[in-house]
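Observations on the three-dimensional arrangement
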Amino acid sequence: MRVELLTVEQILDELNGVSRRTFYRWRELGIAPRCIKLPNGELRIERTDFEAWLASHREAAA
């Protein structure tokens, strides 16, 4: 099974214009989706983690 890793830019696109600063602030607050830090310092987010994170926020908003 292949794991799909998304870039921060792809996450921001899927969140319809959330700013990079907002995403990194969420990371500081511990409320961003779980990230993987690569050896070069870039972040990746597994699609399954991102979708679970979105679902948890949908439930919280209901």
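Here's a quick rundown of the structure. Keep in mind that what you see is a predicted model, and the values were worked out from it rather than measured. (Residues numbered from 1 in each chain as written. Predicted model: local features only at pLDDT ≥ 70, side-chain atom pairs only at ≥ 80, totals over all residues. Heavy atoms only, no water.)

**A word on the environment of L15**
Using the following cut-off: In DSSP terms, a helix is any run of H or I states spanning at least four residues, a strand is any run of E spanning at least two, and both are numbered starting from the N terminus. Buried means the residue's accessible area, taken with a 1.4 Å probe over protein chains only, is under 20% of the maximum for its type, while exposed means over 50%, and partly exposed covers the values in between. The contact definition used throughout considers only heavy atoms, calling two residues in contact when any of these lie within 4.5 Å.
Within the element layout of this structure, L15 appears in the loop between α1 (8-14) and α2 (20-29). The buried category is assigned to L15, whose relative accessible area is 16%. Other than its neighbours up to four places away in sequence, L15 contacts W26, F50, W53 and L54.

**Some remarks on the packing of aromatic side chains**
Heads up, the rule is: By convention, a stacked pair of Phe, Tyr or Trp rings (six-membered ring in the case of Trp) has centres within 6.5 Å and planes under 30 degrees apart, an edge-to-face pair has planes over 60 apart, and any other such pair is tilted.
Under the defined criterion, the tally for this structure stands at 3 aromatic pairs. Centre to centre, the rings of F23 and Y24 are 5.6 Å apart; their planes meet at 90 degrees, and the pair counts as edge-to-face. For Y24, a relative accessible area of 30% puts it in the partly exposed group. Ring centres of F50 and W53 lie 6.1 Å apart, and the angle between their planes is 20 degrees; this geometry places the pair in the stacked category. On the criterion of helical spacing, the pair formed by F50 and W53 is a turn pair, its members being 3 residues apart in helix α3 (residues 47-61). Taking the relative accessible area as the measure of exposure, W53 reaches 12% and is therefore buried. Of the aromatic side chains, those joined through ring pairs into one cluster are W26, F50 and W53.

Purely spatial values, then, with no claim about function.
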